[in-house]
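# Summary of the model geometry
For reference, the chains in residue letters:
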Amino acid sequence: MKPLFARIRDTLLPPHCLVCDAAVGDDGQFCLACFRQASFVSAPFCARCGVPLPYGGAVGAGGRCARCDLVPPAFTQARAALRYDETAKRLILPFKYADRPEAARGIARLMLRPGADMLAAAQMLLPVPLHPARLRARRYNQSALLARELARMERLPCLPDALIRRKATVPLAGLGLAARQAELHDAIALRPGVEVRGRRVLLIDDVMTSGTTADACAEVLLAAGAARVDVLVAARVADPRFE
Ligand SMILES: [Zn+2]
Ligand SMILES: [Zn+2]
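Residues numbered from 1 in each chain as written. Chains lettered and ligands numbered in written order. Predicted model: local features only at pLDDT ≥ 70, side-chain atom pairs only at ≥ 80, totals over all residues. Heavy atoms only, no water.

### Overview of the nonpolar core
Let me state the cut-off plainly: Residues belong to one nonpolar core when they are buried, are Ala, Val, Leu, Ile, Met, Phe, Trp, Tyr or Cys, and are joined through side-chain atoms within 4.5 Å. The buried label applies to any residue whose accessible area, calculated with a 1.4 Å probe on protein chains only, is under 20% of its type's maximum; exposed applies above 50%, and partly exposed to all values in between. Note on conventions: DSSP H or I runs of at least 4 residues are helices, E runs of at least 2 residues are strands, and numbering of each starts at the N terminus. Either an automatic procedure or a domain database provided the assignment from which the domain bounds are taken.
By size, the foremost hydrophobic cluster in this structure holds 36 residues, and its most contacted members are Leu91, Met111, Leu125 and Ile204. Counting residues per element, this core draws most heavily on helix α5 (residues 103–112), at 6 residues. Inspection of this core shows a minimum of three residues originating in each of domain 1 (1–37) and domain 2 (38–242). Counting 34 residues, the second-largest nonpolar core is a separate cluster that includes Cys49, Cys65, Leu163 and Val229.

Laid out in structure tokens, this is it:
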């Protein structure tokens, strides 16, 4: 039986699907139709960066994608709950740009299974930071909301302000790898006084595109002495060459 206030709230504002308007049993759930449409990331994917790989495609040594073989990322592993497709967009875009911070709990729940090993190993959760100007425009950092929910579910410390953006970066989409790295160089820093030496850190983000931003964060944390940095995201853009 739900507590009285929850029953009253459900009567006034019946819980609806994370993606559409269909009624569901509880807040933060998919309806059956949207659940069926969601593409959860499943094997084969890169053992290192988690990018979905084509069936029967060439996988490098140790199950890594060609890019991780060529230029290994600074983070140890990255995993995602969903492929960033139309359903994932309908889930994440309203959460990102409109007033649906309550969706954080439902999205965070989807991240528990793919992130199980990393969450078990992690000693602290850090969201990928938003630049203050963008934070003002959106009023909240969706990665911090996800990190906070995951930290609460897993009883781990969350340091929402540990990483900071020192400059506004242009949108990275459409830039090549070298241009992305140049754009991010020195853009991310660890807040003075935050101690990560010897700690296993799990970075949390909503969408991972090329992984360059997560990689820049991991570099900063490893330079500050972190023992290991993993990355857990809600959705992952598959390699466009395979779509
Ligand atoms: Zn739905
Ligand atoms: Zn990879």
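There's plenty left to go through after this.
### Some remarks on helix α10 (residues 212–223)
Selection criterion: Helix span is expected to be 1.5 Å times the residue number reduced by one.
The end-to-end C-alpha distance of α10 is 16 Å, a good match for the 16 Å that 12 residues give at a rise of 1.5 Å each. Residues Thr212, Thr213, Ala214, Asp215, Ala216, Cys217, Ala218 and Leu221 constitute the buried set of α10.

### Quick word on the packing of α5 against helix α8 (residues 142–154)
Where we set the bar: Note on method: axes are straight lines fitted to C-alpha atoms, helices fitted across the in-contact stretch only, with angles between N-to-C directions ranging 0 to 180 degrees. Handedness of each helix crossing follows the sense of rotation of the near helix against the far helix: counterclockwise by less than a right angle gives left-handed, clockwise gives right-handed. Pairs of residues are marked as contacts when any of their non-hydrogen atoms sit within 4.5 Å. Basically, the charged four are Asp, Glu, Lys and Arg, the nonpolar ten are Ala, Val, Leu, Ile, Met, Phe, Trp, Tyr, Cys and Pro, and anything else, Gly included, counts as polar.
Across the interface, α5 lies against α8 with an axial gap of 9 Å and an inter-helix angle of 60°. Regarding α5 and α8, the two cross each other, and that crossing is right-handed. Here Ala104, Arg105, Ile107, Ala108, Arg109, Met111 and Leu112 of α5 lie close against α8, whose contacting residues are Leu145, Leu146, Glu149, Leu150, Arg152, Met153 and Glu154. Of the residues in the contact of α5 with α8, the class split is 9 nonpolar, no polar and 5 charged.

### Topic: unusual backbone geometry
That bond from Ala43 to Pro44 is cis: its omega, 0°, falls within 30 degrees of zero. Tracing the backbone through its elements, the reader meets Pro44 in the loop between α2 (32–37) and α3 (66–70). You will see that Arg155, though not glycine, has its phi angle at about 50°, which is positive. With respect to the secondary-structure elements, Arg155 resides in the loop between α8 and β3 (163–165). For Arg155, a relative accessible area of 77% gives the class exposed.

### Things to note about the side chain of Arg236
What counts is decided by this rule: Pairs of N or O atoms within 3.5 Å make up the polar contacts considered here, provided that, within protein, one atom can donate a hydrogen while the other can accept it, and that residues adjacent in sequence are counted only when both atoms are side-chain atoms.
As for its position among the elements, Arg236 is in strand β6 (residues 228–236). A relative accessible area of 5% places Arg236 in the buried class. Looking at Arg236, its side chain comes within polar contact range of the main-chain oxygen of Cys49, at 2.6 Å. Aside from chain neighbours lying at most four places away, what touches Arg236 is Cys49, Gly50, Val51, Pro52, Ala80, Leu82, Arg83, Tyr84, Met208, Thr209 and Ser210.

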